[in-house]
Amino acid sequence: MSDVKSPLFQGFELGAMHLPNRVVMAPLTRNRAGKGLAPTELAVEYYRQRASAGLIIAEATQIRPDGQGYLDTPGIHSEEQVEAWKAVTDAVHAAGGHIVLQLWHVGRISHVSLQPGGQAPVAPSAVRAKAQTFVAEGMVDVSEPRALESNELPQLVEDYRKAAANAVRAGFDAVEVHAANGYLLDQFLRDGANRRTDAYGGSIENRVRLLNEVMEACCEEIGPDRVGVRLSPVSPFNDLVDSDPQPLFEHVIDVLNGLSPLYIHVIEGATGGDRGVAPDFDFGALRHGFKGAYIANNGYDKAFAEAAIEAGDADLIAFGRPFVANPDLVRRYALDAPLNDLNPATLYGGGAEGYTDYPALQEG
Ligand code: PHB
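What counts and what doesn't
Residues numbered from 1 in each chain as written. Predicted model: local features only at pLDDT ≥ 70, side-chain atom pairs only at ≥ 80, totals over all residues. Heavy atoms only, no water. Helix = DSSP H or I, 4+ residues; strand = E, 2+ residues; numbered from the N terminus. Contact = heavy atoms within 4.5 Å. Areas by Shrake-Rupley, 256 points an atom, 1.4 Å probe, with all protein chains shown as cover. Lys, Arg positive; Asp, Glu negative; His and termini not counted. Charge placed at Lys NZ, Arg CZ, Asp CG, Glu CD. Buried < 20%, exposed > 50% of the residue type's maximum accessible area, 1.4 Å probe, protein only. 1 Å grid on protein atoms, 1.4 Å probe; cavity = no way out; pocket = protein on both sides within 12 Å on 5 of 7 lines; lining within 4 Å. Points joined across faces, edges and corners; volume = space filled by probe spheres on them. Nonpolar A, V, L, I, M, F, W, Y, C, P; charged D, E, K, R; others polar. Arc of directions from axis to C-beta. Near = heavy atom within 4 Å. Polar contact = N/O pair within 3.5 Å; in protein donor to acceptor, adjacent residues only side chain to side chain. Sits in = over half its atoms within 2 Å of the grid points. Core = buried A, V, L, I, M, F, W, Y, C linked by side-chain atoms within 4.5 Å.

## With respect to the overall build of the protein chain
Here comes step 1: A tally of helices and strands in the protein chain yields 10 helices and 14 strands.
Here comes step 2: With the principal axes as the frame, the protein chain shows a C-alpha extent of 60 × 45 × 35 Å.
Here comes step 3: Of the contacts formed within the protein chain by residues at least 6 apart in sequence, a portion of 72% connects residues at least 24 apart.
Here comes step 4: As displayed, the protein chain offers around 13,600 Å² of accessible surface, 51% of which is attributable to carbon and sulfur atoms.
Here comes step 5: Averaging the locations of the 30 positively and 49 negatively charged side chains of the protein chain gives two centres separated by 2 Å.

Here you go:
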């Protein structure tokens, strides 16, 4: 690599992993799971092509059947899925990479047609989101959820624990608990969706309780140096807001520090969009308050990523869309080579087109 002076190409020790660069592939939903909602041979090829990333965070993957909210997203709850993921992790490791699995439960961002027995999706409270999802018929409004009973929460925590154990059995180097983007754990955190009156609703401490229990279970199961978490404190994505996010997320950091997980992965601003959506929110308080590594995400390009690392604002930078269209993004950044354009029409669903057929630079 020619660009040795760039801070993006300094190595980084992340838990037991030596990352050769600071370029992280963000989790990207591609809706191409196969039979039994297991990843296919095409997924093996897709991740193999991207193994030069310092770290791959594989796509959001449901921890149990009712955690699904979109058509053809993969799971990590069946043996068939664990076996299929092994082929992915083996390919990435054989190519010298590292790969983390994102553990997902969508909560209320789902549709009855995707739910076991056509039941209502589960959520902290029976508050429907003004959001849409992608099902067999195309885009539809999400369904009215039902509130989880207090006595259903221990099983939910156990299902995260089991998913973390399954991910390690499948060869993943770590897991990332998805507590962002308006999905289940985020719905518990932020008061726009959490109207509970039990120990999991109301005060900040109560709303952070479920995330704490899930993180604790995963850390206990596979070790804290194999558990990261994704947060999106101010993203309005999936119709979720909080009335006072700064103290909420500073408390999240305090709670996480008590568990010493591997990293926080923070979407700075509105998911996939405006970084300035909440100009008063202080992401530096999270970055500097958290004792582990900080992965920054949202709208970074090479120059902005270098500046963030140089300023100490982040340890690692996650890139989403650039990795869709550029399997060799790391090499392109190193050479300052031009990037392929992304074709939005082939993002969700389909086969190899727009998935494994984006060209790498010619050698030489
Ligand atoms: C999506 O499928 O649109 C999606 C999934 C997971 C995210 C964000 C968006 O975190």
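The discussion continues.
## Description of the environment of M139
Here comes step 1: Relative to the elements of secondary structure, M139 occurs in strand β8 (residues 138–141).
Here comes step 2: Owing to a relative accessible area of 52%, M139 belongs among the exposed residues under this scheme.
Here comes step 3: As a C-alpha pair, M139 and Y70 span 69 residues in sequence and 9.6 Å in three-dimensional space.
Here comes step 4: Apart from residues lying up to four places away in sequence, M139 is in contact with Q132, T133 and F134.

## Digging into empty space enclosed by the protein
Here comes step 1: Throughout the structure, instances matching the rule amount to 1 cavity of 30 Å³ or more.
Here comes step 2: Of the pockets and cavities examined, the largest cavity occupies roughly 40 Å³.
Here comes step 3: Surrounding the largest cavity, R32, A33, P39, T40, A43, E59, P74 and Y355 form its lining.
Here comes step 4: Residue composition of the lining of the largest cavity, by class: 5 nonpolar, 1 polar and 2 charged.

## Let's talk about helix α1 (residues 41–49)
Here comes step 1: Of the residues making up α1, those classed as buried are A43, V44, Y46 and Y47. Looking straight down α1, one finds its buried side chains confined to an arc of 165°; they lie on one side.
Here comes step 2: Those residues of α1 that are buried lie in contact with β3 (23–25), β4 (55–62), α2 (79–94) and β5 (99–104).

## Focus on the site of the ligand
Here comes step 1: Taken together, T29, Y70, W104, H178, N181, Y183 and F237 form the complete shell of residues around the ligand.
Here comes step 2: In this structure, an oxygen atom belonging to the ligand sits 2.7 Å away from a side-chain N or O atom of H178.
Here comes step 3: Within the side chain of N181, a nitrogen or oxygen atom sits 2.6 Å from an oxygen atom of the ligand.
Here comes step 4: In the complex, 83% of the free accessible area of the ligand, which totals 280 Å², lies under the protein chains.
Here comes step 5: Among the detected pockets, the ligand sits in the largest pocket.
Here comes step 6: Looking at the shell around the ligand, its residues break down into 4 nonpolar, 3 polar and no charged.

## Brief notes about helix α8 (residues 302–310)
Here comes step 1: Within the sequence span of α8, burial applies to K302, A305, E306, A308 and I309. Angularly, the buried residues of α8 cover 160° about the axis, an arc narrow enough to put them on a single face. Exposed residues pointing more than 90 degrees away from the buried face of α8 are listed as A303 and E310.
Here comes step 2: Lining the buried residues of α8 we find β14 (316–319) and α10 (329–335).

## Some details on unusual backbone geometry
Here comes step 1: Even without glycine at this site, N31 takes up a positive phi of about 50°.
Here comes step 2: When you line up the elements, N31 lands in the loop between β3 and α1.
Here comes step 3: Exposure remark for N31: the relative accessible area of 3% places this residue in the buried category.
Here comes step 4: Positive phi outside glycine occurs at N181, with the angle close to 60°.

## Regarding the nonpolar core
Side chains of nonpolar character tend, in soluble globular proteins, to be buried together.
Here comes step 1: Counting residues in hydrophobic clusters, the biggest one holds 88 residues, and the most contacted among them are Y47, L103, L211 and I264.
Here comes step 2: Every residue in contact with I264, bar those within four places of it in the chain, is listed here: V229, L231, I253, L256, L286, F290, A293, Y294 and I295.
Here comes step 3: With 16 residues, the next largest nonpolar core counts I57, L262, Y263 and A293 among its residues.

So far we have only geometry, and geometry alone does not tell us how the molecule works.
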